[in-house]
Amino acid sequence: MSEQKLVLEAKAGNKASLEQLLILHSDQLYRTAYVYVGNREDALDVVQETAYRAILSIKKLRNEQYFLTWLTRILIHCAYDLLKKKKREIPIEKMIEQTLDKREGNIELLDLVEALNKLKEHYRTSIILFYFQDQPIREIAKIMDIPENTVKTYLRRGKDQLKKMLGGVEYDEKTIFPRRV
Amino acid sequence: MKKQFFQDEFNKIEVPESDVLKAIQTGVKRANTGTITPKRKTRMIALSSVAAATIVLSSSFLSPTLSKALADVPVVGTFYGNFNDLIGRNLELQTLITEINETSSNKNVDVTITSAYYDGAVIGVTFKVKGNVKAEEDGRVSGMYEIFDGDGAISDSRELTYMEVSEDGYTGHIQLHYPKTSLPEETTFPLEFKRIGEKEGSWRFDVPITQLAYETINVGQESTNIEADVSLQIDSIIAGNASTSIDYTATLPSEGKHDQIRLEVYDDQGEQLHLLSDGIDLETSKEGNRMIVKGRSIIPEALQGKTEYLDIQPKVAIQEPKQFAQLNTETPVNLASARQNLAVNIEDILVEDNSVTVDFQVNNGEKGNWDTMFFHDFAKNDVLLVKETEKEINQKPLKHSVTALDKEALRFRSTFELPNNFTLEDYVLSVNMNSLSMNIPAPLEKVRVTLE
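This is a predicted model, so every value here is computed, not measured.

Caption draft 1: Focus on the packing of helix α9 (residues 137–144) of chain A against helix α10 (residues 148–165) of chain A. Residue and element names in this part refer to chain A. Interhelical geometry of α9 versus α10 gives an angle of 100 degrees and a closest axis separation of 8 Å. As far as their axial angle goes, α10 and α9 are roughly perpendicular. On α10, the residues that touch I137, R138, I140, A141 and M144 of α9 are E148, V151, K152, Y154 and L155. Partitioned by chemical class, the residues of the contact of α9 with α10 number 7 nonpolar, no polar and 3 charged.

Caption draft 2: Up close: the pattern of salt bridges. Evaluation of the coordinates by the stated rule reveals 22 salt bridges over all chains. As a salt-bridge pair, A:R40 and B:D19 come within 2.3 Å of each other at their nearest N and O atoms. Residue A:R40 is located in helix α4 (residues 40–57), and its partner B:D19 is located in helix α2 (residues 17–31); the two belong to separate chains. For the pair A:R40 and B:D19, a shared accessibility class is recorded, and that class is buried. The salt bridge involving B:E347 is made with B:R411; its shortest N-O contact spans 3.0 Å. In this pair, B:E347 is assigned in strand β18 (residues 343–351) and B:R411 in strand β22 (residues 411–417), connecting sequence segments 64 residues apart.

Caption draft 3: Highlighting the environment of B:F412. Residues and elements named next belong to chain B. Locating F412 in the fold gives a position in strand β22. F412 sits in the buried class, given a relative accessible area of 0%. Sequence separation between F412 and E347 is 65 residues; the distance between their C-alpha atoms is 9.9 Å. Not counting residues within four places of it along the chain, the set of residues in contact with F412 comprises V358, D359, F360, V362, F375, H376, A379, V402, T403, A404 and L405.

Reading guide: rules and limits
Counting restarts for each chain, with residues numbered from 1 along the sequence as it is written. By the order in which they are written, chains take letters starting at A while ligands take numbers starting at 1. Reporting in this predicted model follows two pLDDT cut-offs: at least 70 for local features of residues, and 80 or more for side-chain atom pairs to be given and counted; totals over whole chains, interfaces and linings ignore these cut-offs and use all residues. Calculated side-chain values reflect all of the structure's heavy atoms, with hydrogen atoms and water omitted. Each axis is a line fitted through C-alpha atoms, and for a helix only the stretch in contact is used; angles between axes span 0 to 180 degrees, taken between their N-to-C directions. Secondary structure elements follow DSSP: runs of H or I no shorter than four residues count as helices, runs of E no shorter than two count as strands, and numbering proceeds from the N terminus. By definition in this entry, angles of less than 35 degrees are roughly parallel, angles greater than 145 are roughly antiparallel, angles of 65 to 115 are roughly perpendicular, and the rest are oblique. In what follows, residue pairs with any heavy atoms lying within 4.5 Å of each other are defined as contacts. Under this grouping Gly is polar, as are all residues other than the nonpolar Ala, Val, Leu, Ile, Met, Phe, Trp, Tyr, Cys and Pro and the charged Asp, Glu, Lys and Arg. We count a salt bridge whenever a side-chain nitrogen from Lys or Arg sits within 4 Å of a carboxyl oxygen from Asp or Glu. Burial classes follow relative accessibility: with a 1.4 Å probe on protein chains only, a residue under 20% of its type's maximum area counts as buried, one over 50% as exposed, and anything between as partly exposed.

Right under this line is the structure:
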């Protein structure tokens, strides 16, 4: 069945079709979540939460053409909610320790994820969508609900900050030496 | 920044497919709560795995009779089906989860410990919550708990957990590493919930845990990095039923008390194994001017039978002290790490009316696996001009720009803008090689450990 047909069915209230769509995009959902939260456990939580919210709000999807845009937007909200929740409830040192704790796999990528975590919310989102997901500026503008030129500005600024951070520790940053990685 | 690089990295992110599927299904199920009939599959799995359990039990419990053993380790339902705990799930398949039914009530909320496992150095607990608790917008409930009375010496002794909606309340799970070197066979560990939803209170348990049969492979192989003055002995491998722990003792010089030990572990196919947790500090002591650190790294799977040996590549990320150079020093001057092959060679310092220009080479031009950009960032962020009196504290450095003189040879030029009141003696060049060493840990010798 074509994706568009699945979307139409999902919109009409067919939950199995929506589940199928989520599964169809599961790799991208997981990877994007991973880039936001930096570890497997939290990324899975974000995916779960996205599925949950997608089911509850599928009726609000106006144009079925933009299913993935809509879904990505939900995922990003979920990722930020999770990150905020962690920030609110766990002292920051602990959080850093936890993220480092769960380090696994590709160190370069994780350095990148860590640097991304320091960026402002909209810089980060535009970078992730543009660089990682290879979304066109037009699409990013839609997901973020901002003008295309603003996306370009965010991208440029985010990129500059990221460049500064990658590989180097900021001079005014509190030095942390966690032994756990 | 090249887009291709990001996309490659993105595509390299390993997707735990069955877990992602599970996450989607759980999310969908949560949204449909109330319309789902209780699972039937559970029992079937449980029954069919009795045979497997029998074999494991008869070979691992020597004294108790089989029936007693079965009572201790009953075949239980899917405690871990909904939780993202690889070890728990795997043990459940092997029916090695012990059912517990202990309830603590406070403020009209009942918390019940429903199961526990203790495999090698890893402990897992599942629990359920009943009563009037306030869920968050998404339907889940959060809780705060302490283990070992929140002992500050134990990492992660206070944690936050999220519970999922179940048929008659909420369920949650906790996984922790036994925080001590010696692993008692049978013990209880103190677990106290301090908040459930928005209710503060105390729900306290002494969770009884019995260690599953495991094998200790004594290793005693040593690995060193003479220059870094670090040695590491792989003491033993704890081969559990669904987890493998590597215990080691690292000896560091006293100035290396903030060094990080990192292990990379490969199987006999050369595949790198994911670690559940790396570098858990169990004990730290001082002997003369040496630091002795007993540590542990855990792999969330049983490896005997899957690989003949483990290749362990220990690495140490050395904490580098800042190094300084006076501006009137004779050039070239080489600021080199005392413990590893990292250096910044100051080739030339040119002081003018309004600026100071410093030419330098990083790491003698050796890039290793890193991109030039990484060293460019280092040149920009960690080679700074600071006030002599403030050199040890991280104050705002003088504004500067960096250009690459020779990218391939890692030669850079930094130009610092001088303030009006600048005097040559008041400022020093500060080089902080920590970001290099944290990203390029120094390898020790590889150790091959046979598992058979």
